[in-house]
Amino acid sequence: MPPGVAHAQVRDTDSDGDPDVAGVTAETVFAAHNDGSGHFSSGAPLGAVLPPLARPILTVADFDSDGDTDVLITHRDGTNVPSILLTSIERQLYHDALATIGGHGALSLRGAPGNAWGILGAARATPTPLGVYGVLRLAAPLVVAATGTFDGTGATNWTFPVPDLVSLVGATLHWQLVTAPPLRLGNREPMQIRGF
């Protein structure tokens, strides 16, 4: 773990069933992942740039109810620095570009290099626990929108066309990532369709 840890919590931040450690220093947020045998990664920064915080406090939970881990950072230093909410610290599935009618939507995916992935889509979201597979966060009817394999870095992108129909403005598409092996359901990523 990085030096100067001010606060940490033990949570399963990567949804693999093993307890991990998420923490905060005066300058960064990090996650140390458990490999399943009790060995932890070095605690790589999660990419967050923090204002200098004298006494930060970290809370880990799914604050936006999308199925992945978020981090809330507050502080006790007596300044007027606002609290910071980092959503999707693991960012299994997230959108890079807003979906606009007549244009495209874009999703980024992360997972184990070489593993298979699939994107499920639906117009509604309802959580349904499926045991060891995770939680299906979409409501029927579902579509398998795309499938593929993660590259050597464990990343890929998927772009899809959005019909040029004004009636779609304001509609929300719900996407969920599925990865294998082992078969696991990832987070839900809602995406609202916008006008021009």
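Residues numbered from 1 in each chain as written. Predicted model: local features only at pLDDT ≥ 70, side-chain atom pairs only at ≥ 80, totals over all residues. Heavy atoms only, no water.

Engineer: What is the right way to read the packing of aromatic side chains from this model?
Structural biologist: Each aromatic ring pair is characterised by the separation of its centres together with the angle its planes make. Per the counting criterion, the structure on display carries three aromatic pairs. Arranged with centres 5.0 Å apart and planes meeting at 25 degrees, the rings of Trp158 and Phe160 form a pair that is stacked. Among the residues examined, Phe160 registers a relative accessible area of 6% and is labelled buried. Where Phe160 meets Trp175, the ring centres are 5.0 Å apart and the plane angle is 55 degrees; that geometry is what we call tilted. Here Trp175 lies in strand β15 (residues 172-180) and Phe160 lies in strand β14 (residues 155-161), a separation of 15 residues in the sequence. For Trp175, a relative accessible area of 7% corresponds to the buried category. The structure contains a cluster of three or more aromatic residues connected by ring pairs, namely Trp158, Phe160 and Trp175. (Phe/Tyr/Trp six-rings, centres within 6.5 Å; stacked < 30°, edge-to-face > 60°. Buried < 20%, exposed > 50% of the residue type's maximum accessible area, 1.4 Å probe, protein only. Helix = DSSP H or I, 4+ residues; strand = E, 2+ residues; numbered from the N terminus.)

Engineer: Got a minute to help me understand the environment of Leu183 in this structure?
Structural biologist: Tracing the backbone shows Leu183 in the loop between β15 and β16 (184-192). Residue contacts for Leu183: discarding those within four places in its chain leaves Tyr133 and Val178. (Contact = heavy atoms within 4.5 Å.)

Engineer: Explain the confidence of the model for the protein here, please?
Structural biologist: In low-pLDDT regions, the fine details of the predicted coordinates are not to be read closely. Taken residue by residue, the protein gives an average pLDDT of 79. The fraction at 70 or more is 79%. Here strand β7 (residues 84-86) is the element of the protein with the lowest mean pLDDT, 63, and strand β10 (residues 116-122) is the one with the highest, 94. (pLDDT = per-residue confidence, 0-100.)

Engineer: Could you clarify how one ought to interpret the sheet that holds β16 in this entry?
Structural biologist: What holds strands together in a sheet is hydrogen bonding between their backbones, with the strands either parallel or antiparallel. What the four strands build is an open sheet, ordered β13-β10-β15-β16; its pairing is antiparallel. The open sheet has two edge strands with one neighbour each: β13 (143-149) and β16. With direction set aside, neighbouring strand axes in the sheet form an average angle of 20 degrees. Bridge count between β10 and β13: six bridges; the pairing is antiparallel. Bridge pairing in β13 links Gly118 to Thr147. (Pairing = 2+ DSSP bridges. Axes fitted to C-alpha atoms, helices over the stretch in contact; angles between N-to-C directions.)

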